[in-house]
Amino acid sequence: GARFYDYSAIPASLNRADGVRRILSRKDSANEPAVLSALASGHGVAVVFAVSARAHAPIPSTWHGYPVIDGDMDDLWVRRAPSGPFVVGLRMKFRTIVQRDNVIASGFAVSP
């Protein structure tokens, strides 16, 4: 397996043959089509869910039918990742309710 991993917002970087396992970050609703395309092509993606990291709220087990692994558990998700398409699920980090609401309204975080 890959010894290194990286999050990227650039879809073309997923196909670089340099030994780094890259996953595409869903940074907002505008790049969601590229994220879904990456999943359909067998790649991993990262998605922030609108659940509290502070409360260690559960994240969904699937997103758009693809398995979700907990990316907040540790940074070794690359060792737990399936060989096919998958989602690294991350929880929202915020200090105030206003920050939380702004993150959700911006499209950065998705409903679980």
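Above: the structure in question.
Quick look at the structure, then. (Residues numbered from 1 in each chain as written. Predicted model: local features only at pLDDT ≥ 70, side-chain atom pairs only at ≥ 80, totals over all residues. Heavy atoms only, no water.)

Re the nonpolar core
With 15 residues, the main nonpolar core has Leu24, Val45, Val47, Phe49, Trp63, Val68 and Val87 as its most contacted residues. Secondary structure elements with two or more residues in this core: helix H1 (32-40) and strand E3 (44-52). If you tally residues by element for this core, the top one is E3, at four residues. Discounting residues that sit within four places of it in the chain, Leu24 has contacts with Ser8, Ala9, Ile10, Pro11, Leu14, Ala34, Val35, Ala38, Gly44, Val45 and Ala46. Counting residues in hydrophobic clusters, the runner-up holds 13 residues, among them Trp77, Val78, Phe94 and Ala109. (Core = buried A, V, L, I, M, F, W, Y, C linked by side-chain atoms within 4.5 Å. Buried < 20%, exposed > 50% of the residue type's maximum accessible area, 1.4 Å probe, protein only. Helix = DSSP H or I, 4+ residues; strand = E, 2+ residues; numbered from the N terminus. Contact = heavy atoms within 4.5 Å.)

Let's talk about the pattern of salt bridges
One pass over the full model with this rule turns up nine salt bridges. Between Arg26 and Glu32 there is a salt bridge whose closest N-O contact spans 2.8 Å. Of the residues examined, Arg26 reaches a relative accessible area of 5% and is grouped as buried. A salt bridge links Asp70 to Arg91, with the nearest nitrogen and oxygen atoms 3.0 Å apart. Taken together, the residues Asp70 in strand E5 (residues 66-70) and Arg91 in strand E6 (residues 86-92) connect sequence positions 21 residues apart. In this structure Asp70 comes out as buried when scored by relative accessible area, which is 17%. (Salt bridge = Lys/Arg side-chain N within 4 Å of Asp/Glu carboxyl O.)

Points about the pairing of E3
Of all nine residues that make up E3, eight are buried, and the element is covered over most of its length. In this structure, strand E2 (residues 20-25) lies alongside E3, joined through two bridges in parallel fashion. In the strand pairing of E3, Ser25 is matched with Ala46. (Pairing = 2+ DSSP bridges.)

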